[in-house]
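Reading the structure
Chain by chain, the residues:
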Amino acid sequence: DGLKNYGHSEIMMSEFWSPSPHRSKHIDRFFVKQAASAAKIFDKKLVGAESFTTIGPHWNDVIWADMKPSADHEYCAGLNLVYLHTFTCSPREMGLPGQEYFAGTHFNPNLTWWHYSTPFIQYLSRCQMLLQQGRSVADVLYYYGDHIPNLGRYKEDDPAGALPDYDYDLINEDKLLVLAVKNGEIVLPHGVSYRVLVLPNHQVLSLAALKKIQALVNAGATVIGTPALSTASLVGGANAEKERAQLVQALWGNAPGTVGARTVGKGRMIWGKTAREVLLASLVPDCAFVQKPEGKIYDYIHRQVGAADIYFLSSQNSVATQVSVAFRMQGKQPELWDAITGEIRNATTFYQKEGKTFVPLDLGPNGSIFVVFRKPLSGGTKAAASKAPNYLSYRTVETMKSPWRVLFDPEYGYQELRVDSLISWTDRPEEGIKYFSGTAVYRTVFDAADLTGSLFLDLGVVKDVGIAKVKLNGKDLGILWCPPFRVPVTGLLKPSGNELEVVVVNSWRNRLVGDRGKPQNERITKTNVTIKPEWPLLESGLLGPVRVMRGE
């Protein structure tokens, strides 16, 4: 019994994987939901996970495309404490990239991008700071029976039929037996409450569980599930089976059919329907993604911290999308908290209707956002937002056409290059560039004729890891690690002679491919990992187009 084991833990620990050929399906990568449920029912704060595990990829994980969406997926399942897998200690004499465990993701000081990883760590930390506050909100409680072994899997398994629009937690028999009913809601001793209890569909329940279900329904609970046909136990012998039949008749009645509902005491027994179908008849969805692009995947988690409500939203889509989200909120100002930049601002466009607050959102590739409700709206439920959009739209003002000087770290390859256009390093004929791994500095000088309005510098495409550090006219504008690779530059530009510097980092993969087959004394790299013949070169560098854009 997985949940029972978690009852002896202070930190509920699980794991999740980044994309890996070894585990190509989501169901084989994501495991946090059971740990998060355990934290909730045992009243613990921390839900940890061995994070970003892979078998197959080596040094070529892309932070924004592989690692971020994997972490975001599990944040939505209840994760709030990341443990890096794996941080290898490699002796200096092992060289670079050095000794590694057979499984990754490799995340240690031997990475080419280690010194540029701070913004990603800050992102994880900001998310965890908020997600460790208060308690998660779930309307559905799923009792997963008493089979052995008994385990919860990943969130989208959705055994209670709560998704989308509502969330659920798992509970085992030990904690089922301490549930009570208060004002029609199902509550645990430490105050966690649920709207409905859902039973497993295998129609096997212990006598103790059946007796508890009868007590809960009589006290006013709503329970969803099919009649139990067996206790699958010798406890109590034949008399126990007679008692089971009597309890089933009392709860479900005679010949209940495949779909139905029945009032029992102060509560209801419902069967043949999902939790979502039952809740939609009387309860506004907690968080619904409406007006969303067809086929796109989104997820959320909702936490309450005192009188504040925190929603974390994740787009599990590799392209930018626009979506409207309906929250079970009224009379509060929605705030947009961006964990990538740390920016907090009020949503300017939203509306309230039928117990919901609708907020239109623009989410970048694998984008995420916190939407926080903590301040009352002036005007309450009748308040209207301004007409200003929640997000800017961007129009190109200037596209860089000036030549670039590119300086490569001489320790790992070619030293300097002058180019008129931006192409992948792998498209160059020079071996020191084609197989380069590490840091390259791009420099150019450009003019900007139109300096009006809110201006931004957009780098376009950055390969392979997707990390770029930007400096404009001597001012450090920080590290960009996920699309859109865009940074505000209002007030920093001048009509002519703007000096732009972009530092781009790629992974170890191309240098390892370049060293493949060479004698050890001719290699730049050294590692215990086998460099496989099927490993391809990965596009690398600043590919652009680099543009000045106006936000409107």
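This text goes with the structure placed above it.
Reading the values: the criteria
- Residues numbered from 1 in each chain as written.
- Predicted model: local features only at pLDDT ≥ 70, side-chain atom pairs only at ≥ 80, totals over all residues.
- Heavy atoms only, no water.
- Pairing = 2+ DSSP bridges.
- Helix = DSSP H or I, 4+ residues; strand = E, 2+ residues; numbered from the N terminus.
- Axes fitted to C-alpha atoms, helices over the stretch in contact; angles between N-to-C directions.
- Polar contact = N/O pair within 3.5 Å; in protein donor to acceptor, adjacent residues only side chain to side chain.
- Contact = heavy atoms within 4.5 Å.
- Salt bridge = Lys/Arg side-chain N within 4 Å of Asp/Glu carboxyl O.
- Buried < 20%, exposed > 50% of the residue type's maximum accessible area, 1.4 Å probe, protein only.
- Phe/Tyr/Trp six-rings, centres within 6.5 Å; stacked < 30°, edge-to-face > 60°.
- Patch = residues over 30% accessible without salt bridge, like charges linked within 9 Å, V, L, I, M, F, W, Y side chains within 5 Å.
- Areas by Shrake-Rupley, 256 points an atom, 1.4 Å probe, with all protein chains shown as cover.
- Core = buried A, V, L, I, M, F, W, Y, C linked by side-chain atoms within 4.5 Å.
- Expected span 1.5 Å × (residues − 1).
- Parallel < 35°, antiparallel > 145°, perpendicular 65-115°, else oblique.
- Left-handed = near helix turned anticlockwise from the far one by under 90°.
- Nonpolar A, V, L, I, M, F, W, Y, C, P; charged D, E, K, R; others polar.

Quick notes on the sheet that holds strand S36 (residues 547–551)
- Strand order in the open sheet formed by four strands is S24-S36-S28-S32, with antiparallel pairing between adjacent strands. Lying at the two open borders of the sheet, with one neighbouring strand each, are strand S24 (394–399) and strand S32 (486–488). Each strand of the sheet is rotated relative to its neighbour by a mean of 35 degrees, with strand direction disregarded.
- Bridge analysis of strand S28 (residues 454–458) against S36 gives five bridges, and the strand direction is antiparallel. Looking across to S36, one finds that Leu455 is bridged to Arg550.

Side note on the side chain of Asp169
- Tracing the backbone shows Asp169 in strand S7 (residues 168–171).
- At 2.5 Å, the side chain of Asp169 forms a polar contact with the side chain of Lys40.
- Residue contacts for Asp169: discarding those within four places in its chain leaves Lys33, Ser37, Lys40, Ala138, Val140, Leu141, Tyr142 and Tyr194.

Quick notes on the pattern of salt bridges
- Using the criterion set out here, one finds 29 salt bridges in the structure.
- Of the charged contacts in the structure, one is a salt bridge between Lys155 and Asp167, with a shortest N-O distance of 3.8 Å. Of the two residues, Lys155 is situated in the loop between strand S6 (140–143) and S7 and Asp167 in the loop between S6 and S7; the sequence distance between them amounts to twelve residues.
- The buried category is assigned to Lys155, whose relative accessible area is 2%.

Quick look at the packing of aromatic side chains
- This model, assessed by the stated rule, comprises 21 aromatic pairs.
- Considering the side-chain rings of Phe16 and Phe52, the 5.3 Å spacing of their centres and the 80 degrees angle between planes classify their relative orientation as edge-to-face. Taken together, the residues span a long stretch of sequence, with Phe16 in strand S1 (residues 12–17) and Phe52 in strand S2 (residues 47–53) at a distance of 36 residues. As far as the burial class goes, Phe16 and Phe52 line up, both buried.
- Taken together, a centroid distance of 5.8 Å and an interplanar angle of 85 degrees make the contact between Tyr75 and Phe312 edge-to-face.

Some words on unusual backbone geometry
- At the junction of Leu96 and Pro97, the peptide bond is cis and its omega measures out at 0 degrees in the coordinates.
- Tracing the backbone through its elements, the reader meets Pro97 in strand S4 (residues 97–98).
- The amide bond that connects Gly104 to the next residue, Thr105, takes the cis arrangement and shows omega of 0 degrees.
- With respect to the helices and strands, Thr105 occurs in the loop between S4 and helix H4 (118–131).

Examining a nonpolar patch on the surface
- A cluster of nonpolar side chains, Ile11, Met13 and Tyr83, forms an exposed patch at the surface whose accessible area comes to about 230 Å².
- Relative to the helices and strands, Tyr83 is located in strand S3 (residues 81–84).

Topic: the nonpolar core
- One finds Phe370, Trp404, Leu457, Leu459, Leu500 and Leu542 to be the most contacted residues of the largest nonpolar core, which totals 137 residues.
- Of the residues forming this core, the biggest block, seven residues, is contributed by helix H3 (residues 63–77).
- Ignoring anything within four residues of it in the chain, the contact list for Leu459 reads Ala468, Val470, Leu480, Phe485, Val502, Leu542, Gly544, Pro545 and Val546.
- With 20 residues, the next largest nonpolar core counts Phe289, Phe327, Phe350 and Val371 among its residues.

Regarding the sheet that holds strand S22 (residues 356–363)
- Read from one edge to the other, the open sheet built from four strands follows the order S15-S18-S22-S21, with strand pairing classed as antiparallel. Strands at the two margins of the open sheet, each flanked by one partner only, are strand S15 (287–290) and strand S21 (351–353). In this sheet, neighbouring strand axes are inclined to one another by 30 degrees on average, regardless of whether the strands run parallel or antiparallel.
- Inspection of the sheet shows S15 paired to strand S18 (residues 321–327) by four bridges, in the antiparallel sense. Note that in S18 the partner of Ala288 across the bridge is Ala326.

Quick word on H3
- Helix length check: H3 (15 residues) gives 20 Å between terminal C-alpha atoms against 21 Å at 1.5 Å per residue, within 8%.
- Here H3 lies mainly inside the structure; 14 of its 15 residues are buried.
- Downstream of H3 by one or two residues, Gly78 has phi in the positive range, about 125 degrees.

Focus: helix H2 (residues 32–41)
- Summarising burial for H2: ten of the ten residues are buried, a large majority.
- Those residues of H2 that sit buried are Val32, Lys33, Gln34, Ala35, Ala36, Ser37, Ala38, Ala39, Lys40 and Ile41.
- With its phi angle positive at about 60 degrees, Asp43 sits one or two positions after the end of H2.

Details of the packing of helix H6 (residues 207–218) against helix H7 (residues 237–252)
- One way to put it is that H6 packs onto H7 with a least axis distance of 10 Å and a crossing angle of 25 degrees. By the angle between their directions, the pair H6 and H7 is classed as roughly parallel. Here H6 and H7 pass one another in a crossing that is left-handed. Facing H6, whose interface residues are Leu207, Leu210, Lys211, Ile213, Gln214 and Val217, H7 presents Ala240, Glu243, Arg244, Leu247, Ala250, Leu251 and Trp252.
- For the contact of H6 with H7, the class distribution of residues is nine nonpolar, one polar and three charged.

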